[in-house]
Amino acid sequence: MTLSEKTIMWLVPNAVFLIIVLLANTGVILAFTATNVDVKETEAIISTERLHYSPNGISKADTETGRVYTGLISAENFKNDRIENTLAYEEGLAAARIKADTNGIESKDIACKAAGISCAYLYEDKYEKEWVVLALASEKIGGKGISAYPEQRTAIFENKAARLETVVLMPK
């Protein structure tokens, strides 16, 4: 056997082994690489928390100390423009409704104005006229559409115990 034959006999198995190891490593790396991470639910939770814990949100805040009294909802802060400024979403990225129910009405689908319930919106027209319908449809039939992220908590609204229902709608 000549030197070139020995080199080829040594090179071919080692090259094949090297290719197999490289392909296996590439497969493992690609398997653990996350390319699509859905953060919409976390973003909706953060938005809701920002409304309650921010001095620019719906809770009462002391102007001298800057302290926010979470759970004490100020009626003067419970306005659409305040919510839009606090959340600072562009129209089309999210819509939300915050309902302060002091009457104890349990129906989720009841209109705020019809029941005398205080409501504030992030993009009211987008929420009421478009996205609520799409969220209900996509919940029933699945697929892409609008996802609803509801949250409930108890607070004091205008010196009465109230159930706050926040629903953040975001496109999938």
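Refer to the structure presented above.
Residues numbered from 1 in each chain as written. Predicted model: local features only at pLDDT ≥ 70, side-chain atom pairs only at ≥ 80, totals over all residues. Heavy atoms only, no water.

When you go through the chain residue by residue, the secondary structure sums to five helices and six strands. Listing every helix and strand of the chain by position from the N terminus yields α-α-β-β-α-β-α-β-α-β-β. The buried share of the chain, taken over its 172 residues, is 31%. Once local pairs closer than 6 in sequence are excluded, the contacts in the chain between residues at least 24 apart make up 58%. For the chain, the accessible area works out to roughly 11,400 Å², and carbon and sulfur atoms hold 58% of it. (Helix = DSSP H or I, 4+ residues; strand = E, 2+ residues; numbered from the N terminus. Buried < 20%, exposed > 50% of the residue type's maximum accessible area, 1.4 Å probe, protein only. Contact = heavy atoms within 4.5 Å. Areas by Shrake-Rupley, 256 points an atom, 1.4 Å probe, with all protein chains shown as cover.)

This part covers the packing of helix α2 (residues 40–53) against helix α3 (residues 80–87). Look at α2 against α3: their axes get within 10 Å of each other, and the N-to-C directions meet at 120 degrees. Regarding the angle of α2 to α3, the classification is oblique. Our pair here, α2 against α3, has a crossing hand that is right-handed. For the pair α2 and α3, the contacting residues are Ser 47, Arg 50 and Leu 51 in the first and Ile 83, Thr 86 and Leu 87 in the second. For the contact of α2 with α3, the per-class residue count stands at three nonpolar, two polar and one charged. (Axes fitted to C-alpha atoms, helices over the stretch in contact; angles between N-to-C directions. Parallel < 35°, antiparallel > 145°, perpendicular 65-115°, else oblique. Left-handed = near helix turned anticlockwise from the far one by under 90°. Nonpolar A, V, L, I, M, F, W, Y, C, P; charged D, E, K, R; others polar.)

Backbone-to-backbone hydrogen bonds pair the strands of a sheet. The strands run either parallel or antiparallel. Within the open sheet, the six strands sit side by side as β1-β2-β5-β6-β3-β4. Their pairing is mixed. Whereas interior strands pair on both sides, the edge strands pair on one side only; in this sheet they are β1 (59–61) and β4 (118–122). Taken over all neighbouring pairs, the strand axes of this sheet differ in orientation by 35 degrees on average, direction set aside. Where strand β3 (residues 95–101) and β4 come together, five bridges link them in antiparallel fashion. Note that in β4 the partner of Ala 96 across the bridge is Leu 122. (Pairing = 2+ DSSP bridges.)

Note that all results are geometric; they support no functional claim without further evidence.
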